[in-house]
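Spelled out from the first residue to the last, the chains are:
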Amino acid sequence: MDIETERLFLTPFSPDHLEGLHVLDRDPAVMRYIGSGATKTLDETREGIARAQARWAEFGFGWWAVFPRASQDLIGVACIQHVANDPANPIEVGWRLRPDQQGRGYASEAGRAALEFGFRVTQADEIIAVCYPENTASQNVMRRIGMTKRGIERHYDTDCMTYAIGREQVSLT
């Protein structure tokens, strides 16, 4: 499902996004706080798109490619997913942006839109966000979108700074 915000257009991953997504996936500055920090090959990006499409089909939510409105310039991604892609885990919101697009409020705008969508579609009472403790930029976004710090929790087999927000705290327009 596509989402439009004041400045952004979010659309589920498709093979048409391969080149733009690979720009993110091969950038060490973007990937430094994702998993092991390893960059991805073109084939790995292609496989990630296929996995994202399968999750959209199965769950009705997943990863979006993020574009400025009226532009074909992919600037980032956002998601609503189960933590570690395990349906037994909580729902999380996430985002990544190209370095040249950071600091403009796009992560907060995309994150807020994803949260609203997530609460409407998943019926979750709470959505979390996680990041490496040293990733202060993501923690700032979490606070800006209304999330509250819970502290260090174990997710993705690592210690993560965890924030949360309840359904009642989000305006579902």
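The sections below set out a description of the structure shown in this document. (Residues numbered from 1 in each chain as written. Predicted model: local features only at pLDDT ≥ 70, side-chain atom pairs only at ≥ 80, totals over all residues. Heavy atoms only, no water.)

To continue, consider the layout of surface pockets. Put simply, the second largest pocket is a space of about 220 Å³. Examining the composition of the lining of the second largest pocket, we find that three residues originate from one element, helix 1 (residues 18-25), more than from any other. Here the residues of the lining of the second largest pocket sort into four nonpolar, five polar and four charged. (1 Å grid on protein atoms, 1.4 Å probe; cavity = no way out; pocket = protein on both sides within 12 Å on 5 of 7 lines; lining within 4 Å. Points joined across faces, edges and corners; volume = space filled by probe spheres on them. Helix = DSSP H or I, 4+ residues; strand = E, 2+ residues; numbered from the N terminus. Nonpolar A, V, L, I, M, F, W, Y, C, P; charged D, E, K, R; others polar.)

A few words on unusual backbone geometry. Most of the time, phi is negative for any residue but glycine, and the peptide bond is trans. We note that Asn85 has phi near 55 degrees; this positive angle belongs to a residue other than glycine. Within the secondary structure, Asn85 is located in the loop between strand 4 (76-82) and strand 5 (91-97). Taking the relative accessible area as the measure of exposure, Asn85 reaches 32% and is therefore partly exposed. Residues other than glycine seldom take positive phi values, yet Asp157 does so here, at roughly 60 degrees. (Buried < 20%, exposed > 50% of the residue type's maximum accessible area, 1.4 Å probe, protein only.)

With that settled, the discussion passes to the pattern of salt bridges. Here the structure, examined in full by the defined rule, presents nine salt bridges. Linking Arg7 and Glu109 is a salt bridge whose minimum nitrogen-to-oxygen distance equals 2.6 Å. In this pair, Arg7 is assigned in the loop between strand 1 (3-4) and strand 2 (8-12) and Glu109 in helix 4 (residues 106-122), connecting sequence segments 102 residues apart. With a shortest N-O distance of 3.0 Å, Arg96 and Asp25 are connected by a salt bridge. Taken together, the positions of Arg96 in strand 5 and Asp25 in helix 1 put the pair 71 residues apart, joining distant regions of the chain. Comparing Arg96 with Asp25 shows no difference in burial state: the two are buried. In the salt-bridge network here, residues are joined through shared partners; they are Asp73, Arg98 and Asp100. (Salt bridge = Lys/Arg side-chain N within 4 Å of Asp/Glu carboxyl O.)

By themselves, these figures tell us nothing about what the structure is for.
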